[in-house]
Amino acid sequence: MDICRREFGLCVLAGVAGRAFAQQPRPKLFVLVILEQLRSDAVESLSPQFGPGGLRRLQEKGAWFPDCRHLASGFSASGIATLATGAWPAEHGIVADSWYDRASRNTARASAEYLRATTLADQIAGRARKRVFAVSMDRGQAALFAGTSGARLFWMDDRGQFTAGRQAPDWLAEYNRLAPVENAHDAEWMALGARAGAPPLRTLRFDPDKPEEFLALYKASPFAEEAQFAFLAELIARERLGQGDTFDFVCLLAGSSALLGYETGGRSPLMDQMTLQLDRHLEALFSRIEETLGANAFNLALTAAHGAPPAPGEARRARMAVRGEDIAHEVQRSLVANGSGNVEKFVYPFLYLDAGTHDPEPVRLAAARAAMRQSAVAGYFTAGGACSTHDDWERRFRNSFHSSRSGDVMLSYQPEYVEDYGADRGISYGSLYNYDACVPLFFLGPQFRAGVFEAPVESVDVAPTLARAMGVATPSSSTGRVLSQALGGGEE
């Protein structure tokens, strides 16, 4: 039974309050905000610096689950697909941002075409008088979350402007003209509350000969995140979301924090500033929606696709930044020495093996044990179900492993070790550890009751809870549960 911190003293009134909430009409607009990367502990530690109307409003007025767990590998595409389907990668098939496809002998990039489960958006779009929208910095991620051609997608193009492809509405060109990305050329990213004369944290230098370098800086900055939130508010106003005779569901997939995290890690001062800017962007979004629809006229949920590890310090980087290909070479050397197969491909964190005429599972175990002799490797899981551990970590491995996508062996590195992609800086996502797995989860609106719910919940619980709130079917492969304690009329 969840214990709600703020409502413990009001339990006598819970029954009456539950009946009152249950009678609330369903708003015509539901907004889902998915931060591609947001650590749960960042929300807790930075809370004293939040303004009254953004994240603090969610903490104090919403249903807050501080410990929502992605109990599977923490890649962006995997987390987005899990939130969309209510299923783990073992069911929905998006095991990483990319993996090796044996049939084509090429790397496959995660996309909607590879989904093996229906999505929440698909359940909504298939109903009469219901509309679905998705906004992202990347068209592929918007399509992955939607999982249906019935959703209208908006994304940033390679110039930093918003587009919808051939479905672009008439107002979009004017919006891009009035809010040009050129306004951010050479913009200075200042710390919130910085003293007069303080140097910028970063300057978004623009070189006309290298526009891609500016765009990379821009997309990994609060300027791009602010642009996404502003566009969401404009979309709601222009398309009259929640204002007509339809029910409207819109999802914002905000990716700036994940792009910054790749470079700086999850505990950098820049990342803290990004979270504080998120707080301001949320406050502005709430204000714009309420100007358009009025107060208490929408529901909103906010969560993240994953967290982030800290970046290894300079003195530790040589040890903690792992070249997976080097591990694969050591495994290959061991297999050849024992005459028991070959490594066909390594795509972090998966080893794909060629067992030849051998029974494949002994070859997998031999490869896994060879990998474990490397100091950077902490655990493994094989396609035959063998695991280096038999506790909660085994479940995380199983949730992550898809029979036809995950190869023969999945590896886990030591805590806070990262895959080294050759940049001599930055981090990787995708681990099973809590810094990647634990994200915050909030629900706000007339269908939800305020409270802080300390018991752990899982990211697969988000889709069925939203489905219940919106009165649609749960996605077909969902294994999550409805978080009834957050819903009006739910039990504590």
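Here the structure is shown first, and the text comes after it.
Predicted model only: the values in this text are computed from it and were never measured.

(A) Highlighting helix α15 (residues 360-372). Taking 1.5 Å per residue as the helical rise, α15 with its 13 residues ought to reach 18 Å, and the 18 Å between its terminal C-alpha atoms agrees with that figure. Restricting attention to buried positions, one finds in α15 the residues Glu 361, Val 363, Arg 364, Leu 365, Ala 367, Ala 368, Ala 370 and Ala 371. Structurally, α15 contributes buried residues whose contacts are with α14 (324-337), β14 (350-354), β15 (377-382) and β16 (409-413).

(B) The arrangement of the sheet that holds β15 in detail. Read from one edge of the open sheet, 4 strands run β13-β14-β16-β15, paired in antiparallel fashion. Whereas interior strands pair on both sides, the edge strands pair on one side only; in this sheet they are β13 (342-347) and β15. Taking each pair of neighbouring strands and ignoring which way they run, the sheet shows an average axis angle of 25°. Pairing of β15 with β16 involves 5 bridges; the strand directions are antiparallel. If you follow Tyr 380 over to β16, its bridge partner there is Leu 411. Contacting β13, β14, β15 and β16, α14 runs over the sheet at an angle of about 165° to β13. Against the sheet, helix α16 (residues 392-400) contacts β15 and β16, and its axis sits at roughly 55° relative to β15.

(C) Layout of the side chain of Ser 334. With respect to the helices and strands, the residue Ser 334 is situated in helix α14. A residue is classified by how much of its surface remains accessible, and Ser 334, at 14% relative accessible area, is buried. Ignoring any residue separated from it by four or fewer positions in sequence, one finds Ser 334 in contact with Ala 370 and Arg 373.

(D) Main features of the packing of helix α8 (residues 171-178) against helix α10 (residues 222-238). At a closest axis distance of 12 Å, the pairing of α8 and α10 adopts a crossing angle of 145°. Seen along the crossing, α8 lies across α10 with a hand that is right-handed. Along its contact with α8, which presents Trp 171, Leu 172, Glu 174 and Tyr 175, the element α10 presents Ala 227, Ala 230, Phe 231, Glu 234, Leu 235 and Arg 238. When grouped by side-chain class, the residues that make up the contact of α8 with α10 number 7 nonpolar, no polar and 3 charged.

(E) Quick look at the environment of Ala 110. Here Ala 110 lies in the loop between β4 (106-109) and α6 (120-125). As a C-alpha pair, Ala 110 and Asp 97 span 13 residues in sequence and 5.3 Å in three-dimensional space. Leaving out residues up to four positions away in the same chain, Ala 110 has contacts with Ala 77, Ile 94, Ala 96, Asp 97, Ser 98 and Trp 99.

(F) Structural detail: the nonpolar core. Counting 142 residues, the largest nonpolar core has Tyr 218, Phe 249 and Phe 443 as the members making the most contacts within it. Looking at this core element by element, the count peaks at 8 residues for α10. Non-local contacts of Phe 443, meaning those with residues more than four positions away in its chain, are made with Gly 62, Ala 63, Phe 65, Leu 300, Ala 301, Phe 448, Thr 465, Leu 466, Leu 483 and Ala 486.

(G) Broad picture of the pairing of β16. With respect to burial, β16 is a largely interior element, 5 of its 5 residues being buried. What you see with β16 is no split at all: Val 409, Leu 411 and Tyr 413 on one side and Met 410 and Ser 412 on the other are buried throughout. Examined bridge by bridge, β14 and β16 share 2 bridges and lie antiparallel to one another. Bridging across to β16, Phe 350 finds its partner in Met 410.

(H) Geometry of unusual backbone geometry. The omega torsion of the bond from Tyr 348 to Pro 349 falls at 5°, within 30 degrees of zero and hence cis. The residue Pro 349 is located in the loop between β13 and β14 in this model. You will see that Arg 105, though not glycine, has its phi angle at about 60°, which is positive. Positionally, Arg 105 belongs in the loop between β3 (98-101) and β4.

Cut-offs applied
Residues numbered from 1 in each chain as written. Predicted model: local features only at pLDDT ≥ 70, side-chain atom pairs only at ≥ 80, totals over all residues. Heavy atoms only, no water. Helix = DSSP H or I, 4+ residues; strand = E, 2+ residues; numbered from the N terminus. Expected span 1.5 Å × (residues − 1). Buried < 20%, exposed > 50% of the residue type's maximum accessible area, 1.4 Å probe, protein only. Contact = heavy atoms within 4.5 Å. Pairing = 2+ DSSP bridges. Axes fitted to C-alpha atoms, helices over the stretch in contact; angles between N-to-C directions. Left-handed = near helix turned anticlockwise from the far one by under 90°. Nonpolar A, V, L, I, M, F, W, Y, C, P; charged D, E, K, R; others polar. Core = buried A, V, L, I, M, F, W, Y, C linked by side-chain atoms within 4.5 Å.

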